[in-house]
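# Notes for the structure review
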Amino acid sequence: MSRKYFGTDGVRGRVGEAPITPEFVMRLGYAAGRVLAQRGGPRPTVLIGKDTRISGYLLEAALEAGLSAAGVDVMLSGPLPTPGVAYLTRALRLSAGVVISASHNPYEDNGIKFFSADGNKLPDETELRIEQALDEPMGCVGSDQLGRARRIEDAAGRYVEFCKSSFPSSLDLHGMKLVVDCAHGAAYHTAPHVFHELGADLVQIGHTPNGLNINDKVGATHPETMRQAVLEHRADLGIALDGDADRLIMCDAQGRLYNGDELLYVMVKDRLALGPVAGAVGTLMSNLGLEQAFGKLGVGFARAKVGDRYVLETMQQRGWLFGGESSGHLLALDRHSTGDGTISALQVLTALKRSSASLAELTGELTMYPQKLINVKIARGYDWQSHAALQAEHSRVEQELGDAGRILIRASGTEPLLRVMVEARDEVSAERFARRLAETMAA
């Protein structure tokens, strides 16, 4: 049975349009509360966090009302990175955590995603049960059983300390000048404190949210802003997070950008110096060069479906600690249960400090294949796999590429887009083949 509302990262869409309406979000809260209540045991308590979108106030109230109607107590953290909600859900021994965020999307969008009691995203089967509960009429428990709500005043401070604990106590960041771009998002009042309290000299950008500017020409999806600040301020490194702070893109002093594949390589290589690393998990989008580089290091490599939830599932199945996506979702399960941009940056900084090498030097043996990704707008639910002309062109391009590259075409799990990616030995070929495929689809 396929999921109707949940995508690869929860329920997401344009605010005011189905399913991101106050009425639906209230019903979603009630349905999730009912599923939690069916587990038995103590009265369920759920933590709600959010990013800095203006619609967060509206959806927070609707979600709280639905959960309360189901007899679930609610704790409210206010703006907090997605991984911060995952951490506090686990640390406070709560029944579940909920994040109101559309991650890297513009402010007009928003979404709801859930974490289980152990700080992991809900498995597909639990999301299916919530969807089934959505089809039932909404009710309300008796007044004596209604859920109560209260705010956690020190949520940000608790999370800051948790992030700092992932950095070796024998090291510090004194003498380093960092540009930290918080994308006007949830990390605006956490990430700067983490790096400053560890000793870094900071240049802050994207740290003044107004409800309407999240991800607007800043953050991990617009790293050129961070890159410009690094060069302008002659910083040692740049750190760019996205709106809910679970992604990371970095930049060195020369202005070279490093994506998730390269940063995952740095993290794994650093851990190899301490002992064996069985393997790492990427996705179908991970660069072929990363797979080959891990092979040279004797590190296994597996590809999961696109989406950090699927990377995590594959890591857990194989018993591996490291994984990530080229977009900047990075996981180190010996540090956190989910992807965390701030903690991932600290792991990269740990590698730099321990090796006394630069990012360029640490990635010197990693040869990345040029990739060209083109997004083609499609109608929601469109069956692109039945597009005969696209399938024919796919076969032709695949034959021309041979063993010197690969093609990946997939529908986005969060937006009405078809993602067309071609990887080849040179940029010209990757661009040419990707455009041929995209133009066939758009014709």
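Higher on the page you've got the structure.
Residues numbered from 1 in each chain as written. Predicted model: local features only at pLDDT ≥ 70, side-chain atom pairs only at ≥ 80, totals over all residues. Heavy atoms only, no water.

### Examining the sheet that holds strand β3 (residues 73-79)
Hydrogen bonds along the backbone pair up the strands of a sheet, which may run parallel or antiparallel. The condition that has to hold: The pairing criterion for strands is at least two bridges between them, as found by DSSP. Secondary structure is summarised from DSSP: a helix means a run of H or I of at least four residues, a strand means a run of E of at least two, and numbering begins at the N terminus for each. Think of each axis as a best-fit line through the C-alpha atoms, taken over the contacting stretch in the case of a helix, with angles from 0 to 180 degrees between the N-to-C directions. It only takes one pair of heavy atoms within 4.5 Å for two residues to be counted as in contact.
The six strands lie next to each other as β1-β5-β4-β2-β3-β6, forming an open sheet whose pairing is mixed. The open sheet has two free edges, formed respectively by β1 (11-14) and β6 (149-151), since each of these has just one partner strand. Ignoring which end each strand starts from, the neighbouring axes of this sheet average 20° apart. Across four bridges, β1 lies against strand β5 (residues 109-116) in antiparallel orientation. Bridge pairing links G13 to N110 in β5. Sheet strands touched by helix α3 (residues 82-91): β2 (45-50), β4 (96-100) and β5. Its angle to β4, the strand with the most contacts, is close to 165°.

### Quick notes on the sheet that holds strand β14 (residues 322-324)
Across the sheet, four strands lie side by side as β13-β12-β14-β15; this open sheet has mixed pairing. Edge positions in the open sheet fall to β13 (300-304) and β15 (330-332), since each of these has one partner strand only. Direction aside, the axes of adjacent strands within the sheet are offset by 15° on average. Pairing analysis gives three bridges linking β14 to β15, with the strands arranged antiparallel.

### Here we look at the pairing of β4
For clarity, the cut-off: The cut-offs for exposure are 20% and 50% of the maximum accessible area for each residue type, with area from a 1.4 Å probe on protein chains only; residues under the lower value are buried, those over the upper are exposed, and the others partly exposed.
Burial analysis of β4 places five of its five residues in the buried class, the great majority of the element. Here β2 pairs with β4 via five bridges, running parallel. Following the sheet pairing, K50 is matched in β4 by I100. The sheet contact formed by β4 and β5 spans five bridges and is antiparallel. Each bridged residue has a counterpart across the sheet, and for A96 the counterpart in β5 is S116.

### Structural notes on the side chain of N213
Rules: The definition of a polar contact used here is a pair of N or O atoms within 3.5 Å, where within protein one atom must be able to donate a hydrogen and the other to accept one, and adjacent residues in sequence count solely through side-chain atom pairs.
Among the structural elements, N213 can be located in the loop between β8 (201-205) and α7 (223-233). With a relative accessible area of 12%, N213 lands in the buried category. Engagement of the side chain of N213 in a polar contact is seen with the backbone oxygen of T208, the distance being 3.1 Å.

### Overview of the nonpolar core
Most often, soluble globular proteins keep nonpolar side chains buried together rather than apart. To keep things clear, this is the line we draw: What is meant by a nonpolar core is a set of buried Ala, Val, Leu, Ile, Met, Phe, Trp, Tyr and Cys residues, joined one to another through side-chain atoms within 4.5 Å.
Membership of the largest hydrophobic core comes to 63 residues, with the highest contact counts inside it found for L173, L178, F195, I239, F294 and L349. Here this core gets seven residues from one element, more than from any other, and that element is helix α11 (residues 341-355). Ignoring any residue separated from it by four or fewer positions in sequence, one finds L349 in contact with F167, L173, M176, L178, F195, L237 and I239. Counting 31 residues, the second largest nonpolar core, distinct from the first, contains Y30, A70, V98 and F114.

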